[in-house]
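Each chain, letter by letter, is given below.
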Amino acid sequence: MAKTVNFRVGRGRTREARKAFSSHGLLAAMDLVGMTDDEKRAALAKHAHAAGAQQDPSAKESAGDVPPSQSRVEREHGAEQVQHESQYLTADHPDAYVDFPTPADKLARWRQYHTMGPEPFICARCKGYGGHNLVVNAYPLPAGVEDTPENRHKYCHLSSSCMQCAGWGYVTDRRDAVCAHEFDQGTSVGHCLKDYTCQKPGCGRVIAIDSSD
Ligand SMILES: [Zn+2]
Ligand SMILES: [Zn+2]
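Since the structure is predicted, the reported quantities are computational estimates derived from the model, not experimental observations.

Caption draft 1: Inspection of the overall build of the chain at higher detail. Counting its secondary structure elements, the chain contains six helices and seven strands. For the chain, the succession of helices and strands along the chain, N to C, is α-α-α-α-β-β-α-β-β-α-β-β-β. Burial analysis of the chain (213 residues in total) assigns 29% to the buried set. Residue pairs in contact within the chain that sit at least 24 positions apart in sequence constitute 58% of those at least 6 positions apart.

Caption draft 2: Structural view of the pairing of strand β6 (residues 193-197). Across three bridges, the pairing between strand β5 (residues 187-190) and β6 is antiparallel. The partner of Thr187 across the bridge, within β6, is Asp195. Hairpin geometry of β5 and β6 is characterised by an intervening segment of two residues between the two adjacent antiparallel strands and by a positive phi of about 65 degrees at Cys192.

Caption draft 3: Highlighting the pairing of strand β2 (residues 131-135). Among the five residues of β2, five are classified as buried, and the element is accordingly described as predominantly covered. Alignment of β2 against strand β3 (residues 158-161), held across four bridges, turns out to be antiparallel. Within the sheet, the bridge partner assigned to Asn133 lies in β3 and is Ser159.

Caption draft 4: Spatial organisation of the sheet that holds strand β7 (residues 206-210). Pairing in this open sheet of three strands is antiparallel, and the strands run β5-β6-β7 from one edge to the other. Both edges of this open sheet fall to β5 and β7, since each of them pairs with a single strand only. With direction set aside, neighbouring strand axes in the sheet form an average angle of 35 degrees.

Caption draft 5: Expanded view of the confidence of the model for the chain. Mean pLDDT over the chain works out to 74, with 60% of the residues at or above the 70 mark. pLDDT under 50 marks residues 1-33. Its contacts with residues more than four places away, or in other chains, come to 71 contacts. Here residues 47-71 is modelled with pLDDT under 50, and outside its nearest four sequence neighbours on either side it reaches 24 contacts, counting other chains as well.

Caption draft 6: How the structure looks around the nonpolar core. Within the largest apolar cluster, 22 residues are counted, with the highest numbers of intra-cluster contacts made by Cys123, Cys126, Val135, Cys162, Cys165, Trp168 and Tyr170. At the level of elements, β2 and β4 (170-171) are the ones that each hand at least two residues to this core. Not counting residues up to four positions away in its chain, the partners in contact with Cys165 are Cys123, Cys126, Gly130, Tyr170, Val171 and Asp176.

Reading the values: the criteria
- All residue numbers here refer to positions counted from 1 along the written sequence of the relevant chain.
- Starting at A for chains and at 1 for ligands, labels are handed out in the order in which the entities are written.
- Since the coordinates come from a predicted model, pLDDT governs what is reported: local features require at least 70, and pairs of side-chain atoms require 80 or more to be given and counted, while whole-chain, interface and lining totals use all residues.
- Strands are runs of DSSP state E lasting at least two residues, helices are runs of H or I lasting at least four, and both sets are numbered from the N terminus onward.
- Partly exposed residues are those whose C-beta has more than 12 but fewer than 20 other C-beta atoms within 10 Å; 20 or more makes a residue buried and 12 or fewer makes it exposed, with C-beta atoms placed from the backbone.
- Residue pairs qualify as contacts under a 7 Å threshold applied to their C-beta atoms, which are placed from the backbone.
- When DSSP finds at least two bridges between two strands, those strands are taken to pair.
- Here an angle of 0 to 180 degrees is reported between the N-to-C directions of two axes, which are lines fitted to C-alpha atoms, with helices fitted over the stretch in contact.
- Each residue carries a pLDDT score, the predictor's confidence in it, ranging from 0 to 100.
- Residues of type Ala, Val, Leu, Ile, Met, Phe, Trp, Tyr and Cys that are buried and joined through C-beta atoms within 7 Å form what is called a nonpolar core.

Okay, structure coming up:
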């Protein structure tokens, strides 16, 4: 029997999602649905690393004989092969969806977990991919792991999940299918609870995010 998982921005999300939100910010609220516990831990660790790199790139460069300006990614793969960690790919970059599951794959996955209810809409932000690569080939493939697009997606690329669809690629609310939201800084509406309002003309979608654990 298919397990129903509620993984939405705002109220009613799972404990893992809430943890991801509170520990590592919105970008880390990634595609945890259907992962094993080990996979979730690995994914969260990967994003914690990414969050660290964003906040303070120099913090982890203190040891060793490597110049501080050279990132771990550049040391392992060569500066010419990868982008600097601070230069993340945007969703419109040609490599943004390299090795990503296709929107058709994501729709099949959606149906696997949502056996009832209406057909979903394709997410306006990620176009059905559920996220995009931030850095291609940021990590080496683990020893003994076969070199396939699936494994490269899982292990090699630093990627971000889409916050608008929580990584599903599909949404049930039509407002999330017609606007790639750009939320404001948020208004506090209670203890640890903030409302974020989309600033795009004609949208005004509001989501509530609880930052407590
Ligand atoms: Zn999306
Ligand atoms: Zn919007």
